[in-house]
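The residues making up each chain are set out below.
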Amino acid sequence: MRQQWRLFIAGAYSDGGGETFPDYNPATGVVAAEVALATRADVDRAVAAANKALPAWRKTPVAERARLLRRVADGIEARFDEFLRAEVADTGKPYGLARALDVPRGAANFRIFADLAVGLGTECFETHTEDGAGALNYGLRRPLGVVGVICPWNLPLLLLTWKVAPALAMGNAVVVKPSEETPATAALLGEVMATAGVPPGVYNVVHGFGPESVGEWLVAHPDVAAITFTGETRTGQAIMRTAATRAKRLSFELGGKNAAIVFADADFERAVAGVARSSFLNGGQVCLCSERVYVERPIFERFVAALAAEARRLRPGAPEDSATTLGPLISAAHREKVLGYYAAARAAGAEARAGGGVPDLPPPYDGGYFVEPTVWTGLPEQSACVTEEIFGPVCHVAPFDEEEEALALANAGDYGLCAALWTSDLARAHRLAQALEVGVIWINSWFLRDLRTPFGGMKLSGVGREGGRYSLDFYTEIKNVCVKL
Ligand code: NAD
Ligand code: 6OD
């Protein structure tokens, strides 16, 4: 029998209205599971369950909430292989990647926010008053209430737990809508929550689509206090419009068109390996991926040749094969979109230094949504492939001559998520870090994460910051109490 992914509401699985939709394995194009489609009544039921759970959960001492969240982390690790299989079936990514990144981060997100919530305080200000007696101002934190969590498909468990863990740590209850492409690990997590002892209604999952469906109903729901969303910028704008009618609190991690800048003084091998990773990891389906690479002219040709060789070395294929280093794109529709950009690049006169097409794979992977990892050169900076987020294993490489030119190229465009600098001149790296219009900068590294640090984008790449106490601040209302002495 085919795998079923069900709704999780008030601590129990259910089939909702009875309708289902298919969940494809992107590595083969074959339906891997059936997913229960939530109705509007199911969304209402999930929000009501969360609301009902709130009074007791918010009163639970933070140390006890933290203890339960650590048990959730333990629960993910205890069922590591199940989470691994579910994540790989949904995304088609190589087991090696999900084993190293997605599942461990799912557990780590619960541990870090459990620790941080326990240690969190508020500020106190001593205020001067005319009579000399003074006043004390101190802060009180309170949870927001029911938080709607809307997630994308690229790192499903990692990005969901990145939001759910701090929300629960601060005493909120959540209703999660995972991507319709990747419902599995969100659903599995329900059972882990229940086993860990998280009370029914604190964590709820509703499956379905975005516009005029489950996502939009959740955003519009009058009893949902805040929305935390990761996904495309255009979706964020639609959510903002719906949320505006009730002026809901919003946290947005959106799209990017990130630059890597490689100077001639960089450690060449490290920079090539680093840019190959930042352009192709997870099939380029990481919001932080470098789709624009600017290389100082003296090393340009050598760098392009080396990066293209790295791209050609990547092996698409069976997720369980340890030789596989490149997974598929998430869906047939997404592959059409990425291949559309490949065609546009060719039409605009680009040269494919590696890839540019679809790999030839044996059955059943010939039905999967693979594309070749691709390195383009020769595109004008104004072309769509250089300005729009493609979200595939692809980058465009262009030369530069001066530091100021590289900075202007990196800062051009509407996005501002992250940048990676490759140089041995640290004074220059610090100077550029000050001037780059992005929220996250890596120097001689990429996607090296410390979960306490602020994470998020400028311009069209996001609203607000997550990570560490920035997440904890988002998931709390702070009241100021002024006491006249
Ligand atoms: P998406 O915006 O298409 O979908 C994300 C989620 O929003 C899905 O669950 C979807 O069903 C839901 N949704 C869609 N329309 C909605 C609506 N009108 N109302 C409510 N919910 C709605 O994004 P995706 O294709 O799943 O993910 C890829 C995108 O996510 C890329 O643009 C990528 O850059 C971005 N992303 C950003 C970050 C970050 O941290 N900045 C991280 C991961 C992904
Ligand atoms: O590492 C993280 O915490 C994070 N939010 C990563 C986002 C990756 C985007 O695809």
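Residues numbered from 1 in each chain as written. Chains lettered and ligands numbered in written order. Predicted model: local features only at pLDDT ≥ 70, side-chain atom pairs only at ≥ 80, totals over all residues. Heavy atoms only, no water.

1. Here we look at the domain arrangement of the chain
The condition that has to hold: Boundary definitions for the domains trace back to an automatic or database domain assignment. Two residues qualify as a contact provided that any one of their heavy atoms is within 4.5 Å of a heavy atom in the partner residue. The term buried area means the drop in 1.4 Å probe accessible area that two parts suffer when joined, counted for both and summed. Any pair of nitrogen or oxygen atoms within 3.5 Å is treated as a polar contact; in protein, a donor-acceptor pairing is required on top of that, and neighbouring residues in sequence qualify only through side-chain atoms on both sides. A run of H or I in DSSP becomes a helix once it reaches four residues, and a run of E becomes a strand once it reaches two; helices and strands are each numbered from the N terminus. Here the term charged refers only to Asp, Glu, Lys and Arg, the term nonpolar to Ala, Val, Leu, Ile, Met, Phe, Trp, Tyr, Cys and Pro, and the term polar to all other amino acids, Gly among them.
Each assigned domain of the chain is listed with its residue range as follows: domain 1 (3-254 + 461-484) and domain 2 (258-450). Each of domain 1 and domain 2 was reduced to a C-alpha centroid, and the two centroids are 30 Å apart. The interface is formed by 26 residues belonging to domain 1 together with 30 residues belonging to domain 2. Here domain 1 meets domain 2 over a buried area of about 2100 Å², counting both sides, of which 63% is carbon and sulfur. Of all residues in domain 1, the largest losses of buried area upon contact with domain 2 belong to Pro26, Trp153 and Ser461, amounting jointly to 25% of the total for that side. Linking domain 1 with domain 2 are eight residue pairs in polar contact (both at pLDDT 80 or more). Every element with two or more residues in the side of domain 1 that touches domain 2 is listed here: α3 (80-91) and α4 (95-118). When residues of the side of domain 1 that touches domain 2 are assigned to their parent elements, the largest contribution, four residues, is made by α4. Split by residue class, the side of domain 1 that touches domain 2 holds 12 nonpolar, eight polar and six charged.

2. Points about the site of ligand 1
Rule in force here: Here a residue is considered near a molecule or strand provided that any single heavy atom belonging to it is located within 4 Å of it. Calculation of accessible area relied on Shrake-Rupley with a 1.4 Å probe; when residues are assessed, cover is drawn exclusively from the protein chains displayed. Method remark: on a 1 Å grid restricted to protein atoms, a set of points is classed as a cavity if a 1.4 Å probe fits but cannot get out and as a pocket if it is open with protein on both sides within 12 Å along at least five of seven lines; lining residues have an atom within 4 Å of a point. Each molecule is checked against the cavity or pocket grid, and it sits inside if more than half of its atoms lie within 2 Å of the grid points.
Trp153, Glu180, Thr235, Leu254 and Glu389 are the nearest of the 29 residues found near ligand 1. Within the backbone of Cys151, a nitrogen or oxygen atom sits 2.8 Å from an oxygen atom of ligand 1. Contacts to ligand 1 include Glu180, whose side-chain N or O atom sits 2.7 Å from an oxygen atom. For ligand 1, the protein covers 92% of the area, taking 860 Å² as the surface of the free molecule. When each cavity is represented as a set of grid points, ligand 1 is found to reside in the largest pocket.

3. Section: the pattern of salt bridges
The line we're drawing: Within this document, salt bridges are pairs made up of a side-chain nitrogen of Lys or Arg and a carboxyl oxygen of Asp or Glu, the two lying within 4 Å of each other.
Overall, the coordinates contain 25 salt bridges when judged by the stated rule. With a closest N to O distance of 2.6 Å, Glu191 and Arg79 form a salt bridge. Taken together, the residues Glu191 in helix α6 (residues 184-196) and Arg79 in the loop between α2 (62-78) and α3 connect sequence positions 112 residues apart. Taken together, the shared-partner salt bridges connect Asp74, Glu77 and Arg111 into one network.

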